[in-house]
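# Secondary and tertiary structure notes
Each chain, letter by letter, is given below.
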Amino acid sequence: MKHAGSMGDDGVAARLCSIKTLLGLVAGAGASYGIYKLMWGSGDKAVMAPQQERSRESGVRGAEVPEQGPSERDPAGSAMLQPGSLLAKVSGLALLNGSDRGELSTSSGPLEPHHIKKLLSLLQMDACASDRTQVLVTLGNAAAFSVNQDLIRELDGLHIIAGLLSDPSPEIRVQTLNVLNNLSMNVRNQEHLKVYVSHVLDLIEMSPVNSELQLACLRLLTNLSVTNCHQHLMRNSVTLFLSLLVVSNESLQTQVSKVLVNLSANPDLIEDIMQAQAPASLVLLFDSSTHPGVLLRLLTFVRNLKGWRFLDQAVASHRGKDSVYHILLAEGSPLQARLPPLLTHPDAEIKAQVACLLT
């Protein structure tokens, strides 16, 4: 039995050696560049979730568009690339070593199915944290191609990858979220990823404020909240998002405000948002010292809530004094006194939103 175990270990080691030749393929690729080209350029296009129809009479502003995760660079550095190869096409990649080098470095398109299979297999093996991290970086950059987004789903890769959301390493959880974020650019993938929304929300609550883990979670939720399809899964987390706004840094505030704008564009969630508990200090963000991008989204959030036609008919008596309604929208709310000074804000869009809220 001991000898059999040794042979098995040798087989695993050989397999690992073969698979690791893949890790330079798209590790370090510019994911943002790849997805930008897929969304707006010619050629292979990323599958984008269609916008759900909004009420033409509500005055609601459009939702935030999907966004990709941060691009990653190969820690091993990069070398001279062959013109026309996949490596040169994606950029910033180390050349491969081993038996797969010739095949992969001359490829002119996205990864082949057997490459994806090998990478997913490595994730399921008892590899060290650094190897799993590198595989996730590779898969995340491969997801810049819509054909790879489909391949990963068809190979049950979405659930294999999402399984690492429970990994004890924060770095692996961050990289996992980055991969899922890129994969969520595909509307079919979103149908599979929606089951992990509650887990992602739990990660936000349990993680340190302003951590990369929180930011990665919010990027994924931004993409999953672009349309009405999965927004209801976040209806009970409005207080969490509002609380993050008042304690987080600019990067996190930007991402939280994107999610809130998306949720406020859904009429089915308006009452949930109105009743949600809001920190009293929330109104302090409506100030010229707040980052213009964050302030503009917060004003848009309020205007969306105010814009729904049925708002005046809604019963306000059951909403608490610390609710979003009483702090931001009710007659004599704390927000009302903070709006007039913003009419002198240097940003024209901000002034326009404030003027609309005051009329």
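Residues numbered from 1 in each chain as written. Predicted model: local features only at pLDDT ≥ 70, side-chain atom pairs only at ≥ 80, totals over all residues. Heavy atoms only, no water.

### Thoughts on the overall build of the protein chain
Counting its regular elements, the protein chain contains 18 helices and 0 strands. Across the 359 residues in the protein chain, those meeting the buried criterion constitute 53%. Across the protein chain, every contact between residues at least 6 apart in sequence was considered, and the portion connecting residues at least 24 apart equals 73%. (Helix = DSSP H or I, 4+ residues; strand = E, 2+ residues; numbered from the N terminus. Buried < 20%, exposed > 50% of the residue type's maximum accessible area, 1.4 Å probe, protein only. Contact = heavy atoms within 4.5 Å.)

### Here we look at the packing of helix H16 (residues 292-307) against helix H18 (residues 348-358)
For the pair H16 and H18, interaxial distance at closest approach is 10 Å and the crossing angle is 25°. Compared by their axis directions, H16 and H18 come out roughly parallel. When the axes of H16 and H18 are compared, the crossing they make is left-handed. In contact with Pro292, Leu295, Leu296, Leu299, Thr300, Val302, Arg303 and Lys306 of H16, H18 contributes Glu349, Ile350, Gln353, Val354, Cys356 and Leu357. Classifying every residue of the contact of H16 with H18 by side-chain character gives 9 nonpolar, 2 polar and 3 charged. (Axes fitted to C-alpha atoms, helices over the stretch in contact; angles between N-to-C directions. Parallel < 35°, antiparallel > 145°, perpendicular 65-115°, else oblique. Left-handed = near helix turned anticlockwise from the far one by under 90°. Nonpolar A, V, L, I, M, F, W, Y, C, P; charged D, E, K, R; others polar.)

### Things to note about helix H7 (residues 146-154)
Inspection of H7 places Ser146, Asn148, Gln149, Leu151, Ile152 and Arg153 among the buried residues, and these make up the whole buried set. Downstream of H7 by a residue or two, aspartate 156 has a phi angle that is positive, lying close to 60°.

### Considering the pattern of salt bridges
In this structure the tally under the stated criterion is 5 salt bridges. Linking aspartate 150 and arginine 153 is a salt bridge whose minimum nitrogen-to-oxygen distance equals 3.0 Å. Here aspartate 150 and its partner arginine 153 are both found in helix H7, 3 residues apart, which amounts to about one turn of the helix. For aspartate 150, a relative accessible area of 21% translates into the label partly exposed. Close ionic contact of lysine 194 with glutamate 191 constitutes a salt bridge, the shortest N to O distance being 3.2 Å. (Salt bridge = Lys/Arg side-chain N within 4 Å of Asp/Glu carboxyl O.)

### A few points about unusual backbone geometry
Phi at aspartate 156 is positive, roughly 60°, even though this residue is not glycine. With respect to the helices and strands, the residue aspartate 156 is situated in the loop between H7 and helix H8 (157-162).

### Section: the confidence of the model for the protein chain
Summarising the model, the protein chain shows a mean pLDDT of 77, and 67% of its residues fall at 70 or more. This stretch, residues 71-109, has a pLDDT under 50; its non-local contacts, to residues over four places away or in other chains, come to 93 contacts. (pLDDT = per-residue confidence, 0-100.)

### Some points on the packing of helix H9 (residues 170-183) against helix H12 (residues 212-224)
Where H9 contacts H12, the axes come no closer than 9 Å and their chain directions differ by 15°. Compared by their axis directions, H9 and H12 come out roughly parallel. As for the relative orientation of H9 and H12, their crossing is left-handed in sense. When H9 is examined against H12, the residues Pro170, Arg173, Val174, Leu177, Asn178, Leu180 and Asn181 are found in contact with a partner set consisting of Glu212, Leu213, Ala216, Cys217, Arg219, Leu220 and Asn223. Grouping the constituent residues of the contact of H9 with H12 by class yields 8 nonpolar, 3 polar and 3 charged.

### What about the environment of tryptophan 308?
As for its placement among the helices and strands, tryptophan 308 is situated in the loop between H16 and helix H17 (324-329). A relative accessible area of 4% places tryptophan 308 in the buried class. Note: C-alpha distance between tryptophan 308 and asparagine 266 (42 residues apart in sequence) is 9.6 Å.

### Describing the nonpolar core
With 86 residues, the main nonpolar core has Leu139, Ile161, Phe241 and Leu328 as its most contacted residues. Among all residues touching leucine 139, those that are not within four sequence positions of it are Ile116, Leu119, Leu120, Leu123, Ile152, Ile161 and Val179. (Core = buried A, V, L, I, M, F, W, Y, C linked by side-chain atoms within 4.5 Å.)

### Section: the side chain of arginine 132
Topologically, arginine 132 is positioned in helix H6 (residues 129-142). Owing to a relative accessible area of 17%, arginine 132 belongs among the buried residues under this scheme. Side chain to side chain, arginine 132 and aspartate 167 meet in a polar contact 2.6 Å long. When neighbours within four sequence positions are excluded, arginine 132 is seen to be in contact with Leu123, Ala127, Leu164, Asp167 and Ile172. (Polar contact = N/O pair within 3.5 Å; in protein donor to acceptor, adjacent residues only side chain to side chain.)

### Some thoughts on helix H11 (residues 197-206)
Given 3.6 residues per helical turn, the α-helix brings residues three or four places apart onto the same face. Burial in H11 covers these residues: Val197, Val200, Leu201, Leu203 and Ile204. All buried residues of H11 fall inside an arc of 155° around its axis, so they share one side. In H11, the exposed positions that point more than 90 degrees away from the buried face belong to Glu205 and Met206. (Arc of directions from axis to C-beta.)

### Here we look at the environment of glutamine 253
Residue position: glutamine 253 is located in helix H14 (residues 250-264). In this structure glutamine 253 comes out as buried when scored by relative accessible area, which is 10%. Between the alpha carbons of glutamine 253 and leucine 295 there is a distance of 9.6 Å; along the sequence they are 42 residues apart. Not counting the four nearest positions on each side in its chain, glutamine 253 is found in contact with Leu245, Ser248, Leu285 and Val294. A distance of 2.9 Å separates a polar atom in the side chain of glutamine 253 from the backbone oxygen of leucine 245.

### Re the environment of arginine 219
With respect to the helices and strands, arginine 219 occurs in helix H12. Taking the C-alpha atoms as reference, arginine 219 lies 9.5 Å from leucine 252; in sequence the two are 33 residues apart.

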